[in-house]
Each structure stands twice: as structure tokens, then as C-alpha cells.
Amino acid sequence: MVFNSLKFAAFFVVFFLLYWLIFNRNNKIQNLFFLLGSYVFYCWWDWRFLALIIGSSLVNYLLGIYIDKSENEKRRKFLVLLGLIQGLGGLLFFKYFNFFIDTFISAFSLININLSIHTLNIILPLGISFYTFRAISYLLDIDSGKIKPTTDWVIFFSYIAFFPCLTAGPIDRAKSLIPQLEKKRVFDYSHATDAMRQILWGLFKKVVIADNCATCTNAIFENYKTLPASSLLFGAFYFAIQIYSDFSGYSDMAIGFSRLLGFNVTKNFNFPIFAQNISEFWQKWHISLTSWMTDYVFTPLSFIFRTSGKSGLILSILINFILIGLWHGSNWTFILFGFLQGCYFIPLVLNGTLNRKRVKEGTHLLPSFNEFLRMAGTFTLVMLTVVLFRSETIGQAFSYYQAIISTSLLSAPKIPLDKAVKIVTIIFIIIMIIVEWLQRDKEHGLDIENIKNSFLRLSIYYTIIAVILIFAGQKVTFIYAQF
Amino acid sequence: MLSRFIKKVVYLFIIPVLILCIVLEYSIRRIPNDYYYKNKWLSENSGNLQILSLGASNGYFGINPEFFTKKAFNAAHISQSMNYDLFIFNKFLPSFDSLQYLILPVTESTLISSLETSDEFWRIKNYTIYYGCEYHRFEPQYNLAFYGDNLFSVLSRISGYYLHGNSELYCNKFGFGLNYSFSKKSKDWERSGILAARRHKKESSGKLFNENLSYLNQLIEECHKKDIVVVLLITPAWHSYLDNIDIKQLESTLLTYKHMAEENNNVRFIDMHNDKRFREKDFFDADHLDEFGAKKLTLILNDTLKTLGNTNP
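Basis of the calculations
Residues numbered from 1 in each chain as written. Chains lettered and ligands numbered in written order. Predicted model: local features only at pLDDT ≥ 70, side-chain atom pairs only at ≥ 80, totals over all residues. Heavy atoms only, no water. Helix = DSSP H or I, 4+ residues; strand = E, 2+ residues; numbered from the N terminus. Rg over C-alpha atoms; globule rule 2.2 N^0.38 Å. Buried < 20%, exposed > 50% of the residue type's maximum accessible area, 1.4 Å probe, protein only. Contact = heavy atoms within 4.5 Å. Areas by Shrake-Rupley, 256 points an atom, 1.4 Å probe, with all protein chains shown as cover. Lys, Arg positive; Asp, Glu negative; His and termini not counted. Charge placed at Lys NZ, Arg CZ, Asp CG, Glu CD. Expected span 1.5 Å × (residues − 1). Domains from an automatic or database assignment. Buried area = accessible area lost by both parts, 1.4 Å probe. Salt bridge = Lys/Arg side-chain N within 4 Å of Asp/Glu carboxyl O. Polar contact = N/O pair within 3.5 Å; in protein donor to acceptor, adjacent residues only side chain to side chain. Nonpolar A, V, L, I, M, F, W, Y, C, P; charged D, E, K, R; others polar. 1 Å grid on protein atoms, 1.4 Å probe; cavity = no way out; pocket = protein on both sides within 12 Å on 5 of 7 lines; lining within 4 Å. Points joined across faces, edges and corners; volume = space filled by probe spheres on them. Core = buried A, V, L, I, M, F, W, Y, C linked by side-chain atoms within 4.5 Å. Pairing = 2+ DSSP bridges. Axes fitted to C-alpha atoms, helices over the stretch in contact; angles between N-to-C directions. Phe/Tyr/Trp six-rings, centres within 6.5 Å; stacked < 30°, edge-to-face > 60°. Lys NZ or Arg CZ within 6 Å of the ring centre and 35° of its normal. Disulfide = S-S within 2.5 Å. Arc of directions from axis to C-beta.

Topic: the overall build of chain A
Phase 1: Helix and strand counts for chain A come out as 17 helices and zero strands.
Phase 2: In summary, chain A has a C-alpha radius of gyration of 23 Å against a globular reference of 23 Å for 483 residues, a match within 12%.
Phase 3: Seen through its principal axes, chain A has C-alpha atoms that stretch 70 × 65 × 45 Å.
Phase 4: By the burial criterion, 53% of the 483 residues in chain A qualify as buried.
Phase 5: Summarising the internal contacts of chain A: among those between residues at least 6 apart in sequence, 77% fall at separations of at least 24.
Phase 6: For chain A, the exposed area adds up to about 21,700 Å²; of that, 67% sits on carbon and sulfur atoms.
Phase 7: If you average the places of the 41 positive and of the 27 negative side-chain charges in chain A, the two averages end up 1 Å apart.

A look at the overall build of chain B
Phase 1: Each helix and strand in chain B was counted, giving 11 helices and seven strands.
Phase 2: The principal-axis extents of the C-alpha atoms in chain B amount to approximately 75 × 45 × 40 Å.
Phase 3: Within chain B, residue pairs in contact and separated by at least 24 positions form 77% of the contacts whose partners lie at least 6 positions apart.
Phase 4: Within the structure as shown, chain B displays about 14,900 Å² of accessible surface, and the carbon and sulfur contribution to it stands at 56%.

Re helix 6 (residues 151-162) of chain B
Phase 1: Between its first and last C-alpha, helix 6 of chain B extends 16 Å over 12 residues, near the 16 Å set by a 1.5 Å rise per residue.
Phase 2: Every buried residue belonging to helix 6 of chain B is among Leu151, Val154, Ile158 and Gly160 of chain B, and all of these are buried.
Phase 3: On its buried face, helix 6 of chain B is in contact with helix 17 (454-471) of chain A together with helix 1 (2-29) of chain B.

Quick notes on the domain arrangement of chain A
Residues and elements named next belong to chain A.
Phase 1: The domains assigned to chain A are domain 1 (6-186) and domain 2 (190-276 + 358-482).
Phase 2: The gap between the C-alpha centroids of domain 1 and domain 2 is 29 Å.
Phase 3: Across the contact, 23 residues belong to domain 1 and 17 residues belong to domain 2.
Phase 4: Both sides together, the interface formed by domain 1 and domain 2 hides about 1,700 Å², and carbon and sulfur atoms give 69% of it.
Phase 5: Linking domain 1 with domain 2 are zero salt bridges.

Looking at the interface of chain A and chain B
Phase 1: Tallying the contact residues gives 23 residues for chain A and 18 residues for chain B.
Phase 2: Contact between chain A and chain B buries roughly 1,900 Å² in total, counting both sides, with carbon and sulfur atoms accounting for 77%.
Phase 3: At the junction of chain A with chain B, the criterion picks out two residue pairs in polar contact (both at pLDDT 80 or more).
Phase 4: Of all the secondary-structure elements, those providing two or more residues to the side of chain A that touches chain B are helix 1 (6-22), helix 8 (189-222) and helix 17 of chain A.
Phase 5: Counting residues per element, the side of chain A that touches chain B draws most heavily on helix 17 of chain A, which supplies seven residues.
Phase 6: By residue class, the composition of the side of chain A that touches chain B is 18 nonpolar, three polar and two charged.

Here's the deal with empty space enclosed by the protein
All names here are of chain A.
Phase 1: Under the counting rule described, the total for this entry stands at two cavities of 30 Å³ or more.
Phase 2: Here the largest cavity defines a volume of roughly 60 Å³.
Phase 3: Every residue lining the largest cavity is counted, 10 residues in all, and those nearest its centre are Trp282, Trp285, Phe337, Val386 and Phe389.
Phase 4: Those elements giving two or more residues to the lining of the largest cavity turn out to be helix 10 (278-284), helix 13 (332-350) and helix 14 (369-390).
Phase 5: In terms of residue count, helix 14 provides more of the lining of the largest cavity than any other element does, three residues in total.
Phase 6: Split into classes, the residues belonging to the lining of the largest cavity amount to eight nonpolar, two polar and no charged.

Looking at the nonpolar core
As a rule of thumb, soluble globular proteins bury nonpolar side chains together.
Residues and elements named next belong to chain A.
Phase 1: Grouped together as the largest cluster of nonpolar side chains are 154 residues, with contacts concentrated most on Phe204 and Leu261.
Phase 2: At 15 residues, helix 9 (residues 229-260) tops the list of elements feeding residues into this core.
Phase 3: Here this core gathers at least three residues from each of two domains, domain 1 (6-186) and domain 2 (190-276 + 358-482).
Phase 4: Other than its neighbours up to four places away in sequence, Leu261 contacts Phe12, Phe15, Phe16, Tyr19, Trp20, Phe34, Phe163, Pro164 and Arg185.

Observations regarding the pairing of strand 3 (residues 101-106) of chain B
Residue and element names in this part refer to chain B.
Phase 1: Burial of strand 3 is extensive: six of the six residues sit out of reach of the surface.
Phase 2: With burial as the criterion, each face of strand 3 is covered, one bearing Tyr101, Ile103 and Pro105 and the other bearing Leu102, Leu104 and Val106.
Phase 3: The sheet contact formed by strand 1 (residues 51-53) and strand 3 spans three bridges and is parallel. Directly across from Leu52, in strand 3, lies its bridge partner Leu102.
Phase 4: Direction of pairing for strand 3 relative to strand 4 (residues 229-234): parallel, over a ladder of six bridges. Each residue of the ladder has a partner; that of Ile103, found in strand 4, is Val231.

Let's talk about the sheet that holds strand 2 (residues 72-74) of chain B
Residue and element names in this part refer to chain B.
Phase 1: Strand order across the open sheet formed by five strands is 2-1-3-4-5, with parallel pairing between neighbours. Only two strands of the sheet have a single neighbouring strand rather than two, namely strand 2 and strand 5 (267-271). With direction set aside, neighbouring strand axes in the sheet form an average angle of 15°.
Phase 2: Sheet strands touched by helix 10 (residues 247-263): strand 3, strand 4 and strand 5. Its angle to strand 5, the strand with the most contacts, is close to 145°.

Some thoughts on the packing of aromatic side chains
Phase 1: Counted by the stated rule, this structure contains 79 aromatic pairs over all chains.
Phase 2: Centre to centre, the rings of Phe428 of chain A and Phe471 of chain A are 5.2 Å apart; their planes meet at 50°, and the pair counts as tilted. A residue pair is termed long-range when its members are at least 10 positions apart, and Phe428 of chain A in helix 16 (residues 419-438) and Phe471 of chain A in helix 17 qualify at 43 residues.
Phase 3: Here Phe471 of chain A falls in the partly exposed class, since its relative accessible area comes to 25%.
Phase 4: In this structure, Arg4 of chain B packs its charged tip against the face of Tyr189 of chain A, placed 4.0 Å from the ring centre.

So, the state of the cysteines
Phase 1: As enumerated under the stated definition, the model contains zero disulfides over all chains in all.
Phase 2: For Cys133 of chain B, which is in no disulfide, the shortest distance to another cysteine sulfur is to Cys223 of chain B and amounts to 18 Å.

Comments concerning the side chain of Ser70 of chain A
Residue and element names in this part refer to chain A.
Phase 1: If you trace the backbone, Ser70 turns up in the loop between helix 3 (50-69) and helix 4 (73-110).
Phase 2: Taking relative accessible area as the criterion, Ser70 reaches 6% and is therefore assigned buried.
Phase 3: Here Asn72 takes part through its backbone oxygen, which lies 3.3 Å from a polar atom of the side chain of Ser70.
Phase 4: When residues no more than four places from it in sequence are discounted, the contact partners of Ser70 are Arg75, Arg76 and Leu79.

What to know about the pattern of salt bridges
Phase 1: Per the counting criterion, the structure on display carries 25 salt bridges over all chains.
Phase 2: Of the charged contacts in the structure, one is a salt bridge between Arg123 of chain B and Glu120 of chain B, with a shortest N-O distance of 2.7 Å.
Phase 3: Within this structure, Glu73, Arg76, Lys77 and Asp143 of chain A form a network of salt bridges that share partners.

Focus: helix 7 (residues 192-200) of chain B
Residues and elements named next belong to chain B.
Phase 1: Buried within helix 7 we find Ser192, Gly193, Ala196, Ala197 and His200. Across the axial projection of helix 7, the buried residues extend over an arc of 130°, all falling on one side.
Phase 2: Buried positions along helix 7 lie against helix 9 (239-242), helix 10 and strand 6 (283-285).

Shown next, in the form of C-alpha cells:
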């Protein structure tokens, strides 16, 4: 049940009405209903994994209470370790088991030892990477004294299975979400209308930009051996835009649906295509994951390597980004993607500009030439690495890179697609970039509360709805829902 | 506050969108298409039908019932999988009073594929809407004719029919697909073999195989009860397809079909994959015949059926 489906629309309308009209008398009952809705949403995808998410919630709920109660430091650490083993163990099994087995077999085959270990036909449970990280941060925050555990199991189970963010985040922390579940939600009209705008903008980015880009990307990546280098560069560009509009579109919808239910969820994207260096890019891209990794991986690592100066910092960054890469999927392409992202930080570390406070772009209409160059440079660096994201193997990615480096880079790009699709896609990409640039200091691209003329606002909504209905691309699964 | 919000959303957005959807759905459903036509034809004529052909595109473009001497009809559709073959057959089974032969064009991927898991899954709605199939009755996307297309293509289809008279009926009155004609053959059609072979190469799925085998067995059993001969037919293919085919997949499938023909006395297996009687001009692409090839194949089948007799041995 994906957000851009009729099934979800029907589900959400019914859920919304019952949530606010019937179950809002009592917070406990409303939470119980929310939990039930989350499980219905989860079962719609695959009911067999319901036990897994319930089991994981129960273990972490109990561990949270015991960690807090325990005064013995060793016992506390043991309980935290138990939680990590449970969470990461599940993740390793479902997401990485076959990858490790294959890597193991390949490594041994290099020294002429042929192992006959069978891989398993494992289905990746929906949202496991997201809810596992939510549970881990909960335990670690209790251990470090940042939060107190909740003793209300309904609240904790709802936090883990929080359905608007279950499929692909944002990965909200207990510190921000649990207090919201604890207090009674009140319907706020302006909040709800803005949430609708955010959903509409997210839907536009997903259905019009990402899905049309997917058509172009597929046409190029499937025929990259026969196309000129300029087309392949376009392929990388289309995919970079596709992945951005797919994931940020999804996040806008997830945040919008949460807001309609009275929750404020972490902003996951802050217009990263306008980032002026790679450090800023990662502060604006998949913010909830980056901040999670910063708090629980990078900060402890940089503490461990604190005596090694810049090389320690570089090592921490590289490990952090390799793990970010690996989080995305069990493939060497993701690991290399993470490694390259980490490498991009090295010049910033070496010239001491890593922590330099970013000069906020002004509210001026156009960026300065220098700003523009920095934005284009950062985007190009990211664009080149996303080829790894799209490739099935490192070999395929390298052969794609190899094909880009040729004299045909200067020839006119040829994309084996209908001209109309190419034109429509490019036009809407430009529109999206312009709108997001103009709205870059707002919460989302369609934050138009400041337009007081209701007729104009309504015209904008209808125009976007018409564009979605008319130019929707062929339906493609959310990329991050596969992680 | 809440009621104001709900009213605004309903009046300004939901009602206009619903009205638009109803108008589109009504308009699209009135456009004649293959599914509507074949269901109607079978509803009216299945009583005196003698040869029925089912299957996917290789059957749809490969068998032209016009050239059978007995009364025949082609109820194949693009990407039609075994579960839908069984559905169509069962739907009209009570009225098949004269049916003697059921021709089932199969490929090396028939037993390990399904419409539901293919790229052509959007065709499922046609079985729900026009054939009344219940497989996906409660899934909205498979019950709406306009769903799956964007508004631009829906409007093009509607204006194409209502303004220019372009129907979506792409078969002749015998159900044979007319789109793959010799005149439309692309210049680099020979390359299509590699792509088609790649497309037909499937990860072996035991579950899907068992399901399809069970559908096929049900078809055979029902046919046996009514003295209908089932012809499992592998249609001719061009060398560029055959050279790139997954041999392991092909061999195991052929073995299954042969086994079925040996085990069931109302089943015949005809393998024409590499039939040298079919030349370049008979193919539309590497795994589909054009109208000349379809005529040739149908005439060959017509002669073959005579030698098979019309009752179970």
C-alpha cells in the first residue's frame, strides 16, 4: 500500500475520519487506534512479518524499562548489547545474510577454495532498516540518560510502527515522537491545510518528476553500451533528480500525513540540490539518517580516534559513510557509494573547512556566480556517484563510467524515447528546481501560506492536480521503500 | 475546525475529482476492445465452437482461426497467463457443446510466469471489467478502466474514439491479433530475439510452477470430461531467439509438456520451435509470427488436427 495508490487513499480517508471523529475522546484509545492502523498498513504489505515487528517492539520496550531500572553499569551495558544484537541481528539476517555468504564464497574462490554454502530466499521485511534504527536510538538514548523509557506499551509500539514513516522514514527519535504520542492531539486547521499542500507537492515530485525521470533513466541505463557519452551523462543527471524527487517526495507525503494526524515529524530534506559543498549536502539530504549516524556512529568513532588528528577524523568519516552506504542495501555498489561520499569530505577536512559555518544563501532571486558554481559542482559530484546506486554491480558502474569518458561526450545526446516524454520531464525538472529555489527558506516547496488571495492559492492547487493527472509517469516503486 | 477542513476538502477536491473519474470511466468503458469483443463473441457463439485457442501473444498473433475448416476462435490476449486461460475456459465450459480441440500455445516460460508478476499486470483490469473475472474483484486498481494511464493518455484514447472513431479492437472477427503485420515489421527485428529471450528468462519459482501446473491439469481434466483434445503447441521462433534462449529452462519445460502428453490420453504436444517451413517473411519479430506466418501455422495445424481425430483415442 504505497502513498500514491488508491488503496492508501481509501485507507487514509477512513482512518483519518475515525481517528478524529470517533477515537479522539481519549488519548489512550486514539493511540490504540493509531497502533491498530499502523499494523493494518503493515499487514497490507505482508502479514507474515507482523510478528517480527511486534516481537521487536516488545523486546525493545522491556529492555528500555530494564536499562533504566538497572543501576549496575555492567548490567546496563549488557542489556543495551542485547538490544543491539536483537535489532542488528534481525537486520543482518534479513538484509545482509545472502550478501555476506556470496562475499564469503567469492573471497574463498580467489584462493581456489570452492565453498558450497547456499544462500536463502529471504524477503526483506517492509521498513526493517527504519524501525530497527528507531528502536536502537531509543535504547541508546535511555542508556545515555537523554530520555526516560515510556511505560505505556501502546505508545512505544506506536512509535516503532508509526505508519506514515514506516516504509521509508524519516527515522524519528523517541525524544521527539514519544512525547507527542503521550499528549492529546488537537486538530489544527492551518496545520492540516499546510499538510495537504505538502502532500500535494510530494505527490507532484514523485508522480510527475521521479516517475518520468525513471522512464528516461531506464531507457539510458538499459542501452548505455550503445549510446553516446553525453546521453550517459544525462542518464546520471536524470537518476540523480529521480532519486531526489522520489525520496523527498515520499518524505513530504510522510510528513504531511503525519501532520494531518497531529504529529510533527523531522524534516528529512532541506533542498539539498542547492548545497554548496558535500558537507552541506549531507546536512540537507536524508537528514534523519545522517543525524542518526552522526550521533550513534560518527561521534563515538571520532571520540575513539580523537588522538589521531585529521587522519582520525577522516577515518571516522569514511567508516561512517561506508556504513551509510551499506545501510542502503546489501551490494558492493552501495559500499563504494558510501566510500566515495566519505572521500569527498577529505579536502574539507584537510583545508579545515569541514565545520565552517555555512553562509546562508540570501533571499535574493538568483544565486551569485560563485554560489551557482559551488552548487553545480556539488550536484555533479553527487550525480556521478549515484551511477553506483543505479548499477547492479560495480563492474556495470565502471563500464558506465568508462563509456562516459569518451569523445562522444561532446556529441548531441540521444535518448531512445519519445520526444514528448523527454521534453515534459525536462520542463518539470526545471519548474521544480525554480520553485524549490524560491521556497528554499520554507518548510516545503508548496508552503504558500503567505499568498493571501485564496483564488490564486486554489488555482495553484488545481494546476498541480491537473499536472499530476495529465503528466503522471509510469508508476514506479518508491526507491527507498526497498531499503 | 475539523468539519470546516473536511467540507473544504470534499467540496473543492474530492467531489470534482470523483466526477472527473466517473466521466472518464464511463467514456473509456464504451470504447470497444479485444477483451469486450472476445467475451461477447464467446457468450454468443461458444455453443457451436469446435476449436478454441487460448494463450498469450504467440497465440494471439500466431493462430488465425479464419483458416481452420472447423468453426474456431482465438481467445488469446497479450501476456495471458495460465490462470486466465483456465478462467476463460471455465467461464464458457458449460456451453462448449461442440468443442473438439483446445489449442494452448505455450512457451518455455509459460509455466513459470503469471500476468500478476509481469510488466503487463495492468491488463488484469480487462479480465475483471470485461470478462467478469473475480481474481482481483476487491482491488480498486483492477476494476477501473482508466486506472494506470495518466490523464493525457486517457484523454487521447477518449478523443481518439469519440472524435476520430479509433476503437481499441485490434483483432479480426476470429480473435486473431492484427497488429503484428508484415508491413509494420521493424528494420532491426532480428535483434528482438535477444531481448525476447532475455524477457522470457525467468528465475525459477517453484510456487508459480506448481500453480501453473495445477491450472494446466485442471484444464486437461475438464477437457477430458468433455472429450476435448488439448493441443500444447510451441509456436515457431526465429534463430536469433532460439540462439539466446535459456536452454535449461527450455529443456525442463519441454520435458514437462512431453510428460503431460504421455500421461494424459487427451493431450498432444506439438513442438514447432525450430520448424524450417517458417522463413523470414513469416515472422514479425523473433518470437512472433506475422499474418503470413499465422496463416501458414493455422493451415498446418488444420491438417494436423485432422490426423489427430476429434475424439480421445
